[in-house]
Amino acid sequence: MGTTSPSPRVPVWEWIHALLLAASLAWTTLCLGGYRPETMTVTVWLNGLLLASVLLSVALQGGPAIHPAGWLLLPFFAYAAANAAWLTPVGWLGWHDWLLWAQAGVVFWVVLNGVQLPGPRSFLLAVLAVLAVVAVTLAVYQRFLDPEWLMLGRRQVLQFLGRSSGPFGIPNSLAALLLLVFPATLAVGLGRGVSIGWRALALGLTGTFGFGLFLTISRGAWLGLALALIVWPLVSGWRSLARRLAVSTGILVAVVVTVATIYAVAPGPRLRLDQLVEFSGERTRPIMWRIGWSIFREHPITGGGAGSYNVLLE
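The shown structure was predicted, so the numbers you read here are calculated from the model rather than taken from an experiment.

*Asks:* Looking at this model, I keep getting lost on the overall build of the protein chain. Mind explaining?
*Replies:* Across its full length, the protein chain carries twelve helices and zero strands. When the helices and strands of the protein chain are listed from N to C terminus, the series reads α-α-α-α-α-α-α-α-α-α-α-α. Along the longest, intermediate and shortest principal axes, the C-alpha atoms of the protein chain span 75 × 55 × 45 Å. In the protein chain, 64% of the contacts between residues at least 6 apart in sequence involve partners at least 24 apart. Per element, the accessible surface of the protein chain, about 18,500 Å² overall, is 73% carbon and sulfur.

Below is the structure:
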């Protein structure tokens, strides 16, 4: 008796998954991060179609074995649903939070299990790179031509003037996007066995994303990237320990020189860094942390319920 081979994977399904995910990413990124109700509705439908396409492909062709990491979020989603059903002080706020978490889980699960072929994966990476380039272009427009400009006909609030947010409403959101793509292009640009053309493109993109990150004047993003770059050689496992320490020290020196140069020549970052020293880190976030700590003290076991922070902040 011959053995039955598993059903071959059909590339068209992975391309469908990749296209739906790319549409969701582009729509959300270019619509102020998807926060407005009218744009959020479209995002929900796109992510719902994405999940439906994955389930349909599994039903028709079997599908690959589920990666164990794909199950790790299920207990959290179950707890979050119970939280929104029985603990939240405002029902719609609780389920709104749960819907956002669920969509994040869908995207994570689909990329982990439903987009595994090289072609669709490369396509998604290219989409992310293009979106990041567009975001930096919009950030440049904000910084040098119209500081109050925002997507969808909105105008920037006073507290963020002088800091670029690109297609988002908040500069930190643009910084978060750039932090995702900056290490990837840098790794390609410095990697072995990369052709001159691809290396030049990757390093050019890295410089573009770095400039966009500079325009956000996001201190947390700068600090996070600096720490990641300094630690990276120490944990990468290549070469000897002495060589890794030397590279890490070199990066530390480069970071210090870069920060000193920015502080000397750029008034906006200088003001932000001065405020960092003046307020011993941050003025507003400790207030937010105290709100969270207050909720924890009142409800140490179950928490106050999804949306309880919003209510207390009000």
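*Asks:* Honestly, the environment of Ala26 in this entry has me stumped. Any pointers?
*Replies:* Along the chain, the position of Ala26 falls in helix 1 (residues 11-30). Sequence separation of Ala26 and Thr43 is 17 residues, and the distance between their C-alpha atoms is 9.9 Å.

*Asks:* Sorry, what's going on with unusual backbone geometry here?
*Replies:* Note on backbone geometry: most residues besides glycine have negative phi, and most peptide bonds are trans. Phi at Leu32 is positive, roughly 60 degrees, even though this residue is not glycine. Looking at where Leu32 falls in the secondary structure, it is placed in the loop between helix 1 and helix 2 (37-61). The exposure class of Leu32 is buried, given its relative accessible area of 9%.

*Asks:* Explain the confidence of the model for the protein chain to me, please; I cannot follow it from the model alone.
*Replies:* In regions of low pLDDT, the predicted coordinates are not meant to be interpreted in detail. Averaged over all residues, the pLDDT of the protein chain equals 88, while 94% of them reach at least 70. Here residues 1-8 is modelled with pLDDT under 50, and outside its nearest four sequence neighbours on either side it reaches two contacts, counting other chains as well.

*Asks:* What is the right way to read the environment of Gly34 from this model?
*Replies:* Assignment of secondary structure puts Gly34 in the loop between helix 1 and helix 2. Separated by 166 residues in the primary sequence, Gly34 and Ala200 place their C-alpha atoms 33 Å from one another. Among all residues touching Gly34, those that are not within four sequence positions of it are Thr28, Thr39 and Met40.

*Asks:* In this structure, what is going on with the pattern of salt bridges? I would like to understand it.
*Replies:* When the charged atoms of two side chains with opposite charge come close together, those side chains can pair. Per the stated rule, a full pass over the model turns up three salt bridges. Its salt-bridge partner being Arg36, residue Glu38 comes within 3.1 Å of it at the nearest N-O pair. Judged by relative accessible area, which is 44%, Glu38 ranks as partly exposed. Between Glu148 and Arg155 there is a salt bridge, and its shortest N-O distance comes to 3.5 Å. Using a relative accessible area of 45% as the deciding quantity, one classes Arg155 as partly exposed. Sharing partners across several salt bridges, the network here consists of Asp146, Glu148 and Arg155.

*Asks:* Is there a simple way to explain the side chain of Ser24 in this structure?
*Replies:* In this structure, Ser24 sits in helix 1. A relative accessible area of 5% places Ser24 in the buried class. A distance of 2.9 Å separates polar atoms of two side chains, one belonging to Ser24 and the other to Asn47. Once residues lying within four places of it in the same chain are set aside, the contact partners of Ser24 are Thr43, Leu46 and Asn47.

*Asks:* Can you walk me through the nonpolar core in this structure?
*Replies:* If you look at soluble globular proteins, the nonpolar side chains tend to sit buried side by side. One finds Ala132, Leu174, Leu178, Val181, Phe182, Phe209 and Leu213 to be the most contacted residues of the largest nonpolar core, which totals 20 residues. Mapped onto this core, the elements with two or more residues apiece are helix 5 (118-144), helix 6 (171-190), helix 7 (196-216) and helix 8 (219-236). For this core, the leading source of residues is helix 6, giving seven residues. Membership of the second largest hydrophobic core comes to 13 residues, among which are Ala18, Leu20, Val54 and Val115.

Rules used throughout
Residues numbered from 1 in each chain as written. Predicted model: local features only at pLDDT ≥ 70, side-chain atom pairs only at ≥ 80, totals over all residues. Heavy atoms only, no water. Helix = DSSP H or I, 4+ residues; strand = E, 2+ residues; numbered from the N terminus. Contact = heavy atoms within 4.5 Å. Areas by Shrake-Rupley, 256 points an atom, 1.4 Å probe, with all protein chains shown as cover. Buried < 20%, exposed > 50% of the residue type's maximum accessible area, 1.4 Å probe, protein only. pLDDT = per-residue confidence, 0-100. Salt bridge = Lys/Arg side-chain N within 4 Å of Asp/Glu carboxyl O. Polar contact = N/O pair within 3.5 Å; in protein donor to acceptor, adjacent residues only side chain to side chain. Core = buried A, V, L, I, M, F, W, Y, C linked by side-chain atoms within 4.5 Å.

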